[in-house]
Amino acid sequence: MRKRIRRERSVVDSAARNAANLNDGCNPELVEGADFDGIFEIPIIKKPKDIIIPDNLVPFSKMTKADKKSFAVCEYENDIDFKDLISNPKDYVRIIKKYQGFISPDCSIYRDMPLATQITNIYRNRAVGYYMQKYGIYVIPCVRWGDERTYTTKFIPEKVAFLGVEKNSIVSIGSYGQIKDRVNRYYFEQGLDSMVETLEPKYVLVYGKLPYNIKDKYKKTKFIEYSDWTSLVRGK
């Protein structure tokens, strides 16, 4: 009888934990064994021993249409298109492991979001990236910033947009929709300046294009541009 009670309690506890994970969306089991960065305890994605530059990038929702040997999986698309990855990354480990690599999720960070939400999406990015890395997948951190609260220390003591990413390595950014108008371009350039200063990356993968007058400012960092999926398919 005692064993049965313990088993039933275990099932109930497990169900409660799963419900909590679903509700809060942060899946604490993803970061078991992780090291954490800063006062917000953002999981750290370790820099690779050897840097590999992917041949191409394919969005998560289109990855079955791409050659596994020449594409790394990214999430430069609407959040709803990779919601299953965020909710259940374990279901995709075996699949993604067959590709050249994995860019940590580009969870949306808008300037008009509450700061707590911006930080939560930075956390999700690193948590899923760490989880994939733990299973032997080559992971490149996606770096995304919102308003200046995330990429300066004017409001909080740390540049939270860059926590969980190690210096002097490789990162990925998305430029699509970020430089089309004056205001967006201003925040994009300010955040990029801060990122390069803080992380000193050797390589920055860019999903989209960067004007020469932006990337040419950074003499010690190499920018590698990739066509977005639609352009890539049309080009073929």
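Everything below is about the structure shown above.
These figures come from a predicted structure and were not determined experimentally. Positions within a chain are numbered from 1, following the residues in the order the chain's sequence is written. Under the rules for a predicted model, residues below a pLDDT of 70 receive no local features and side-chain atom pairs below 80 are neither given nor counted, while totals for whole chains, interfaces and linings still include all residues. Heavy atoms throughout the structure, all of them, feed into the side-chain values; hydrogens and water do not.

1. Observations regarding the packing of aromatic side chains
Reasoning step 1: To pair, rings of Phe, Tyr and Trp, with the six-membered ring standing in for Trp, must have centres within 6.5 Å; the planes then decide the type, stacked if under 30 degrees apart, edge-to-face if over 60, and tilted in the middle. In the structure shown here, the tally under the stated rule is eight aromatic pairs.
Reasoning step 2: An angle of 65° between the planes, with centres 6.5 Å apart, marks the rings of W145 and F162 as edge-to-face. Residue W145 is found in the loop between strand 6 (139-140) and helix 5 (148-151), and its partner F162 is found in the loop between helix 5 and strand 7 (170-174); the two are separated by 17 residues along the sequence. When sorted by exposure, W145 lands in the same class as F162, which is buried.
Reasoning step 3: Note on W145 and F188: the rings are 5.7 Å apart at their centroids and 40° apart in plane angle, and the pair reads as tilted. Remark: F188 occurs in helix 6 (residues 182-199) and W145 occurs in the loop between strand 6 and helix 5; sequence separation between them is 43 residues. In terms of burial, W145 and F188 fall into one category: buried.
Reasoning step 4: An aromatic cluster is defined as three or more aromatic residues linked by ring pairs; in this entry it consists of W145, F162 and F188. Counting from the N terminus, the helices are the DSSP runs of H or I reaching at least four residues and the strands are the DSSP runs of E reaching at least two. Buried means the residue's accessible area, taken with a 1.4 Å probe over protein chains only, is under 20% of the maximum for its type, while exposed means over 50%, and partly exposed covers the values in between.

2. Focus on the layout of surface pockets
The gaps left among the atoms become clear once a water-sized probe is rolled over them.
Reasoning step 1: Only protein atoms enter the 1 Å grid, on which a cavity is a set of points fitting a 1.4 Å probe that cannot get out and a pocket is an open set with protein on both sides within 12 Å along at least 5 of 7 lines, lining residues being those with an atom within 4 Å of a point. Grid points are joined across faces, edges and corners, and a volume is the space filled by probe spheres set on the points. There is about 760 Å³ of room inside the largest pocket.
Reasoning step 2: Lining the largest pocket are 28 residues, with E77, D106, R144, Y176 and Q178 sitting closest to its centre.
Reasoning step 3: Looking at the lining of the largest pocket, the elements that each hand over two or more residues are strand 7, helix 6 and helix 8 (229-235).
Reasoning step 4: The element best represented in the lining of the largest pocket is helix 6, accounting for three residues.
Reasoning step 5: Three categories are distinguished: nonpolar for Ala, Val, Leu, Ile, Met, Phe, Trp, Tyr, Cys and Pro, charged for Asp, Glu, Lys and Arg, and polar for the others, with Gly belonging to the last. Across the lining of the largest pocket, the residue classes tally to 13 nonpolar, eight polar and seven charged.

3. Considerations on the nonpolar core
Reasoning step 1: Here the nonpolar core consists of buried residues drawn from Ala, Val, Leu, Ile, Met, Phe, Trp, Tyr and Cys, with membership extended through side-chain atoms lying within 4.5 Å. Grouped together as the largest cluster of nonpolar side chains are 69 residues, with contacts concentrated most on F102, M132, V143, W145, I173, L192 and M195.
Reasoning step 2: Here the element with the most residues in this core is helix 4 (residues 115-134); it accounts for nine residues.
Reasoning step 3: Look past the residues within four positions of V143 in its chain and what remains in contact with it is A161, F162, V165, V171, S172, I173, M195 and L199. In this analysis, two residues are considered to be in contact whenever any of their non-hydrogen atoms come within 4.5 Å of each other.

4. Remarks on the sheet that holds strand 9 (residues 222-226)
Adjacent strands of a sheet form backbone hydrogen bonds with each other and so pair up, either parallel or antiparallel.
Reasoning step 1: Pairing between two strands requires that DSSP report at least two bridges joining them. Spatially, 7-8-9 is the arrangement adopted by the three strands of the open sheet, whose pairing is parallel. Looking at which strands have only one partner, the edges of the open sheet turn out to be strand 7 and strand 9. Neighbour-to-neighbour, the strand axes of the sheet open up by a mean angle of 25°, direction not taken into account.
Reasoning step 2: For strand 7 and strand 8 (residues 203-207), the ladder comprises five bridges, and the chain directions are parallel. Looking across to strand 8, one finds that I173 is bridged to V206. Orientation is described by lines fitted to C-alpha atoms, with helices fitted over the stretch in contact, and by angles between N-to-C directions that extend from 0 to 180 degrees.

5. A few points about the side chain of E75
Reasoning step 1: Within the fold, E75 resides in the loop between strand 4 (71-74) and helix 2 (83-87).
Reasoning step 2: When charges are counted, neither His nor the chain ends are considered; positive counts come from Lys and Arg and negative counts from Asp and Glu. Only one rule defines a salt bridge in this text: a Lys or Arg side-chain nitrogen within 4 Å of an Asp or Glu carboxyl oxygen. Buried E75, no salt bridge; nearest opposite-charge side chain is R144, N-O distance 10 Å.
Reasoning step 3: Each residue touching E75, except ones within four places of it in the same chain, is listed here: F60, F82, L85, F102, I103, S104, P105 and D106.

6. Re the side chain of S194
Reasoning step 1: Examined against the element boundaries, S194 turns out to sit in helix 6.
Reasoning step 2: Relative accessible area serves as the criterion here: at 7%, S194 is assigned to the buried category.
Reasoning step 3: In the analysis that follows, any N or O atom pair within 3.5 Å is treated as a polar contact, provided that within protein one partner can donate a hydrogen and the other can accept it, and provided that, for residues neighboring in sequence, both atoms belong to side chains. Within the structure, the side chain of S194 is placed 2.6 Å from the backbone oxygen of Y151, a separation counted as a polar contact.
Reasoning step 4: If near-sequence neighbours (up to four positions away) are discounted, S194 is found in contact with Y151, K159 and F162.

7. Quick word on the pattern of salt bridges
Reasoning step 1: Under the defined criterion, the tally for this structure stands at ten salt bridges.
Reasoning step 2: The closest approach of N and O atoms between K83 and D84, which form a salt bridge, is 3.4 Å.
Reasoning step 3: Judged by relative accessible area, K83 falls into the partly exposed class, the value being 44%.
Reasoning step 4: The class of D84 is partly exposed, set by a relative accessible area of 39%.
Reasoning step 5: One salt bridge connects E189 with R185, and the closest N-O pair in it is separated by 2.8 Å. With E189 and R185 both in helix 6 and four residues apart, the pair spans about one turn of that helix.

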